[in-house]
Amino acid sequence: MAVEMSRERFEELVADALDEVPQELLNLMRNVVILVEDESPPGGPELLGLYEGHALTARGWDYAGVLPDRITIYRHPILRICDTDDDVVEEVAVTVVHEIAHHFGIDDDRLHELGWG
């Protein structure tokens, strides 16, 4: 059974997850915004989160004048896979870390090896 949770509470959980990321890493994040949307894009797999942009490791000397990268956390897909509020807290934290890792150039295979898949 899916968990019901207001958007406001879910956004608080995303903020809490960001508070757990070491400040040293947050200081290194450049030109990126973190958003919450209700649903992942239609027509593809149901996603919990998505990183769109140019990873820090792929930015060269010519990286300038671009829109911010986007990390989107999808509320309803996360709520659908969770049974309890505690599950939501854990899944939000894992998803936030997973997408931030993509910003730093870490791919899915490595994230799975590290337990953040």
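Higher on the page you've got the structure.
Student: Lay out the nonpolar core in plain terms, naming residues and giving numbers.
Tutor: Core analysis: the biggest nonpolar cluster contains 22 residues, and Phe-10, Val-14, Val-88, Val-92, Val-96 and Ile-100 have the highest contact counts within it. Only helix 1 (7-20), strand 3 (69-74), helix 3 (75-81) and helix 4 (85-103) provide two or more residues apiece to this core. Counting residues per element, this core draws most heavily on helix 1, which supplies five residues. Ignoring sequence-local partners within four residues, the contact set of Val-96 consists of Val-14, Ala-17, Leu-18 and Ile-73.

Student: I'd love a proper account of the layout of surface pockets, names of residues and values included.
Tutor: It is the rolling of a water-molecule-sized probe over the atoms that shows where space remains empty. Of the voids in this model, the largest pocket is the one considered here, and its volume is about 260 Å³. Lining of the largest pocket is provided by 15 residues; of these, Ala-17, Glu-20, Val-21, Ala-93 and Val-97 occupy positions nearest its centre. A total of six residues in the lining of the largest pocket trace back to one element, the largest contributor, which is helix 4. Residues of the lining of the largest pocket, tallied by class, amount to 13 nonpolar, no polar and two charged. Leu-48, Gly-49, His-98, Glu-99 and Asp-108 are, among the 14 residues lining the second largest pocket, the residues nearest its centre. Going through the elements one at a time, strand 2 (49-52) and helix 4 are the ones with two or more residues in the lining of the second largest pocket.

Student: If you had to explain the sheet that holds strand 1 (residues 32-37) to someone new, which residues and values would you point to?
Tutor: Pairing is mixed in the open sheet, where three strands are placed in the order 1-3-2. Looking at the sheet topology across the chains shown, the edges are occupied by strand 1 and strand 2. The mean angle between the axes of side-by-side strands here comes to 15°, regardless of whether they run parallel or antiparallel. Together, strand 1 and strand 3 form the strand contacts of helix 1, whose direction differs from that of strand 1 by roughly 150°.

Calculation criteria
Residues numbered from 1 in each chain as written. Predicted model: local features only at pLDDT ≥ 70, side-chain atom pairs only at ≥ 80, totals over all residues. Heavy atoms only, no water. Core = buried A, V, L, I, M, F, W, Y, C linked by side-chain atoms within 4.5 Å. Buried < 20%, exposed > 50% of the residue type's maximum accessible area, 1.4 Å probe, protein only. Helix = DSSP H or I, 4+ residues; strand = E, 2+ residues; numbered from the N terminus. Contact = heavy atoms within 4.5 Å. 1 Å grid on protein atoms, 1.4 Å probe; cavity = no way out; pocket = protein on both sides within 12 Å on 5 of 7 lines; lining within 4 Å. Points joined across faces, edges and corners; volume = space filled by probe spheres on them. Nonpolar A, V, L, I, M, F, W, Y, C, P; charged D, E, K, R; others polar. Pairing = 2+ DSSP bridges. Axes fitted to C-alpha atoms, helices over the stretch in contact; angles between N-to-C directions.

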